[in-house]
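# Per-entry structural report
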Amino acid sequence: MFLKQIVHFSKKSIRLSYQFQTMSTFTSRTNIVTGNNEWIFVDNDNFDYQQELARSAFADMLHDHERNIQYEKAIIKTLQNLSKSMKKIHILDIGTGTGLLSMMAARALNQINNTSCSSRITACEVFQPMAKIAKKCIEKNDLSDRIRVIDKRSTELNLENDLQGDRINVIIAEVFDTELIGEGALRTFSEACKHLTIDNENLHIIPARATIYIQLVESSVLQEFHTLKNISQQNQRINIPNDCRHLAGNTIFDLNLNELKDSIRPLTKPIPIFHFNFKHINEMNNFTEEKILENIQCNYDGRIDAFIMWWNLDMDEQGEIQLGTIPVWCYDDQEKIKNIQWREHWIHGIYYPQESKIVKAKDQVSLYCFHDEYSLYFDVGTSPFPPRSFIPAILSRSAMAAFNSDKRRNKYIKVLEKSFSSSSIKRCLYFGDGLLLPLLILEIYPNIELIILQSSNTHLNHCLEAILLNSTIKLNYQIISSLDKNEIDFQTIDMILSEPFFTKSILPWDNLHYYYLIQKYRSYFRSNIKIFPQKGRIRCLALEFNNLHKIRSSVKQCCQFDLTPFDEQIMKASLNVDETIEPQSLFEYSSKKPTLSSIIDLIEIDFEKNFYDKIEKKNLEILFIENGICNGIAFWIDYELNENIWLTTGIENENDSWINYSKQGVHLLPKPIYVQSGMKLQISTGFDFKQGQFLFDIIY
């Protein structure tokens, strides 16, 4: 099984049908040889369904023990109370998924000893493959006679045709995301309450209410993901204009901040912002709400860099049963901190003010708060606030962090000093989508003429030009649209440079498009031209993840319900459409230290050497040096900038923290392996230079 360079969330599928022909599916992938996106034919009629199944977050939710326990507590309490006063209970489970919440309701009803109260459960699920799985899970647990599954959206249900005129008096729904409202929860509850339920007084919704909180924090780490900082603090030749500082946009940035708690300094108490009673959703202005909160007190001196957002649910009417995404630093109870629930489907939202604000302890500030049907917006300052500003994303958050990383900058500066110490280098060619390296050269080395190949990203080109035009003096550069002999005299180029970084890249080695560009035009340049970086090496490391592996782990049983039909379908879909290695930002996910193995070099590529259409392959061994459970292997690429000076996209040493400015590749083992020091894992690895594909497989 070789790694194909089609990565799950870069995939876009198109299904085409012709008269008298079966459907065909095409999927998008990044071709690192050409640097372009291309469409690949997939001979599988169910590919798009299987892809959506395999990439769904259902398994992650089912592993969320706290979520499951709190939902069941609320279901039991609500139904026990309702059975005492109602002769009939009709439950609607919206977005049933596996049918778990409906089965919880069925079990709770079975335990109620009230023969005078009749009951029925209707579950709706719009995603048809999931609806089929729900029916199989319900049948597996002998509850088909209690639960009816309808494969429709709740907003499409017809009271007479679908519910036989039997109005709903209990709604159970888990339709929330990190932002709470991003999956359309407001309209979902509003439409159900208007068209399908009895009067609000006798209606019960699980959960009953929600509150969105934010906290004003200082964090230089979070700022690195948002604001480009200047190249130099003194004698600046290049000043980045304000319009070019926030190239990752200002929509929600979601992170698991419990892993970064030491980088967060709260300046205020948690602030409740929006309150939602799901029985009484305000539909005015298409579910929008706008408010200004005055006199928010800051408790410490600092700089307001970001807003951390989370939410909390009242699962029952009395608010006795709670479920939320409260960050770890808000707990005083050490036992709760120790046992805080890990989850991937709900994490924390980060928002940024239009400008950071310096505050003193006991200062009072005003907050502007807004939400529409699906998203949130916040700002801090004083009234009147500037208009809401929605900035499009040109670079990823990790690309912003790469630009701002001091360690990365210092490595580039060190190598540039060494490279440019020779007077033989006067004219350089730069290509790639990274902004840092060309700006460093133009800022520090005014005598070097830099020729910059335009990016394929038009918006990025405009930003680079705006930055360069904002310089205090005339800079020594030229921008060319293509590597054409009419635009550039190749024989006068002394050095080729790249970070390398391309915005279309997803996995770390996607940036090897740099190598293919060099080889395509290599014969045009002088034979002694210098290349920066000189080499690349793909490396790996065996790990025992504390939690990340759960996103691909089988469920088997959940709350004593047999969910093996779900496991079987998800695993089948995953085998058909998933790739061997997927991209993950590992700084968000903790793993056991010390690591299970040493770092292993898998393949080294000399960028001056043309490998033509070779397929380099070899078998290697991963030697385990610690006892543990191997559930994942991490991959990344390092670049040799100069002799023995390497820049990593992962870690330099086994027990280092993962860098935050690049995603790594991760292979999650289908079945974790219990290992002891001295054991070995056989792997096959290599690189297909014709296709531009890294190859990897475990030899079982």
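Residues numbered from 1 in each chain as written. Predicted model: local features only at pLDDT ≥ 70, side-chain atom pairs only at ≥ 80, totals over all residues. Heavy atoms only, no water.

Per an unreviewed UniProt entry, the chain goes by Protein arginine N-methyltransferase and derives from Rotaria sordida. The heading Sequence similarities (unreviewed entry) in the UniProt record of the chain holds the text "Belongs to the class I-like SAM-binding methyltransferase superfamily. Protein arginine N-methyltransferase family. PRMT7 subfamily." The record held by UniProt for the chain lists under Function (unreviewed entry) the comment "Arginine methyltransferase that can both catalyze the formation of omega-N monomethylarginine (MMA) and symmetrical dimethylarginine (sDMA)." (UniProt positions renumbered as here; feature names shortened; annotations may be inferred.)

## A few points about unusual backbone geometry
Glycine aside, residues mostly have negative phi angles, and peptide bonds mostly take the trans form. The omega torsion of the bond from Glu499 to Pro500 falls at -20°, within 30 degrees of zero and hence cis. Looking at where Pro500 falls in the secondary structure, it is placed in the loop between strand S24 (495-497) and helix H14 (513-521). Cis rather than trans, the peptide bond between Lys593 and Pro594 has omega equal to -5°. If you trace the backbone, Pro594 turns up in the loop between strand S29 (582-584) and strand S30 (600-606). For Phe287, which is not glycine, the phi dihedral falls at a positive 65°. Assignment of secondary structure puts Phe287 in helix H8 (residues 284-287). (Helix = DSSP H or I, 4+ residues; strand = E, 2+ residues; numbered from the N terminus.)

## Some details on the domain arrangement of the chain
One can read the domain layout of the chain as domain 1 (59-206), domain 2 (209-393), domain 3 (398-532) and domain 4 (535-546 + 590-698). Spacing between the C-alpha centres of domain 1 and domain 3 amounts to 57 Å. (Domains from an automatic or database assignment.)

## Considerations on the pattern of salt bridges
Counting across every chain of the model gives 31 salt bridges. With its nearest N and O atoms 2.5 Å apart, the salt bridge here joins Arg539 to Asp601. Highlighted residues: Arg539 in strand S26 (residues 535-543) and Asp601 in strand S30, separated in sequence by 62 residues. Accessibility expressed as a relative area gives 39% for Asp601, which makes it partly exposed. (Salt bridge = Lys/Arg side-chain N within 4 Å of Asp/Glu carboxyl O. Buried < 20%, exposed > 50% of the residue type's maximum accessible area, 1.4 Å probe, protein only.)

## So, the confidence of the model for the chain
Confidence in the prediction of the chain, expressed as mean pLDDT, is 90, and 92% of residues score 70 or more. When the criterion is pLDDT under 50, residues 1-24 qualifies, and its contacts beyond four places in sequence or with other chains add up to 78 contacts. (pLDDT = per-residue confidence, 0-100. Contact = heavy atoms within 4.5 Å.)

## Describing a positive patch on the surface
Residues Lys132, Lys135, Lys136 and Lys572 make up a contiguous surface patch of positive charge. Among the elements that line the positive patch, the one with the most residues is helix H5 (residues 128-140), at three residues. Relative to the elements of secondary structure, Lys572 occurs in helix H15 (residues 564-577). (Patch = residues over 30% accessible without salt bridge, like charges linked within 9 Å, V, L, I, M, F, W, Y side chains within 5 Å. Areas by Shrake-Rupley, 256 points an atom, 1.4 Å probe, with all protein chains shown as cover. Lys, Arg positive; Asp, Glu negative; His and termini not counted. Charge placed at Lys NZ, Arg CZ, Asp CG, Glu CD.)

## A word on the packing of helix H11 (residues 406-420) against helix H12 (residues 436-444)
It is the contact of H11 with H12, at a shortest axis distance of 11 Å, that shows an interaxial angle of 55°. Looking at the two axes, H11 sits oblique to H12. In the crossing of H11 with H12, the sense of the turn from one axis to the other is right-handed. Here Arg408, Arg409, Tyr412, Ile413, Leu416 and Phe420 of H11 come into contact with H12, specifically with Leu436, Leu437, Leu440, Ile441 and Ile444. (Axes fitted to C-alpha atoms, helices over the stretch in contact; angles between N-to-C directions. Parallel < 35°, antiparallel > 145°, perpendicular 65-115°, else oblique. Left-handed = near helix turned anticlockwise from the far one by under 90°.)

## Focus: the packing of aromatic side chains
Scanning all chains against the criterion turns up 35 aromatic pairs. Relative to Phe694, the ring of Phe635 has its centre 5.8 Å away and its plane inclined at 65°; by these criteria the two rings are edge-to-face. Taken together, the residues span a long stretch of sequence, with Phe635 in strand S32 (residues 628-642) and Phe694 in strand S36 (residues 693-698) at a distance of 59 residues. Here Phe635 matches Phe694 in class, with each residue buried. Feature note: the residues Phe431, Tyr514, Tyr515, Tyr516, Phe607, Phe611, Tyr639, Phe687 and Phe689 constitute an aromatic cluster, connected by ring pairs. Across the ring face of Tyr71, the terminal group of Arg67 is positioned such that the distance to the ring centre comes to 5.8 Å. Looking at Arg388, its charged tip hangs above the ring of Phe370, at a distance of 3.7 Å from the centre. (Phe/Tyr/Trp six-rings, centres within 6.5 Å; stacked < 30°, edge-to-face > 60°. Lys NZ or Arg CZ within 6 Å of the ring centre and 35° of its normal.)

## Description of the sheet that holds strand S20 (residues 376-381)
Within a sheet, adjacent strands bond to each other through the backbone by hydrogen bonds, running parallel or antiparallel. With respect to topology, three strands assemble into an open sheet ordered S13-S19-S20, the strand pairing being antiparallel. Both edges of this open sheet fall to strand S13 (289-297) and S20, since each of them pairs with a single strand only. Taking each pair of neighbouring strands and ignoring which way they run, the sheet shows an average axis angle of 20°. Summarising the sheet, strand S19 (residues 364-371) and S20 pair through six bridges and their orientation is antiparallel. Note on S20: the bridge partner recorded for Leu367 is Val380. (Pairing = 2+ DSSP bridges.)

## A word on empty space enclosed by the protein
Using a probe with the size of a water molecule, rolled over the atoms, empty space left in the structure can be pinpointed. Tallied over the full model, the rule gives three cavities of 30 Å³ or more. Within this model, the largest cavity holds a volume of roughly 110 Å³. Looking at the largest cavity, it is lined by 15 residues, and the ones nearest its centre are Gly432, Ile452, Ser455, Asn461 and Leu464. Mapped onto the lining of the largest cavity, the elements with two or more residues apiece are strand S22 (449-453) and helix H13 (458-469). (1 Å grid on protein atoms, 1.4 Å probe; cavity = no way out; pocket = protein on both sides within 12 Å on 5 of 7 lines; lining within 4 Å. Points joined across faces, edges and corners; volume = space filled by probe spheres on them.)

## Let's talk about the sheet that holds strand S4 (residues 88-94)
With parallel pairing, five strands are arranged side by side in an open sheet as S6-S5-S4-S7-S8. Each edge of the open sheet carries a strand with a single partner, namely strand S6 (147-150) and strand S8 (204-206). Ignoring which end each strand starts from, the neighbouring axes of this sheet average 20° apart. Against the sheet, helix H3 (residues 65-83) touches S4, strand S7 (170-173) and S8, its axis set at about 170° to S8. Helix H4 (residues 100-111) contacts S4, strand S5 (118-124), S6 and S7 of the sheet and is inclined by roughly 175° relative to S5.

## Focus on the state of the cysteines
Taken as a whole and assessed by the stated rule, the structure comprises zero disulfides. The thiol of Cys298 is not disulfide-bonded; the next cysteine sulfur, from Cys369, is found 14 Å away. Assessed through its relative accessible area of 1%, Cys298 is described here as buried. The thiol of Cys630 is not disulfide-bonded; the next cysteine sulfur, from Cys540, is found 9.7 Å away. (Disulfide = S-S within 2.5 Å.)

## A look at the packing of helix H10 (residues 397-404) against H11
Interaxial distance between H10 and H11 falls to 6 Å at its minimum, and their mutual angle equals 55°. Classified by the interaxial angle, the pair formed by H10 and H11 is oblique. The segment H10 lies against H11, with Ala402, Phe403 and Asn404 engaging Asp406, Arg408 and Arg409. Here the contact of H10 with H11 is built from residues that sort into two nonpolar, one polar and three charged. (Nonpolar A, V, L, I, M, F, W, Y, C, P; charged D, E, K, R; others polar.)

## Quick word on the pairing of S4
Among the seven residues in S4, six count as buried, and that is most of the element. Taken together, the seven bridges between S4 and S5 define a ladder with parallel strand orientation. Paired with Ile89 across the two strands is Ser119, which belongs to S5. Relative to S7, S4 runs parallel, the two sharing four bridges. Within the sheet, the bridge partner assigned to Asp93 lies in S7 and is Ile172.

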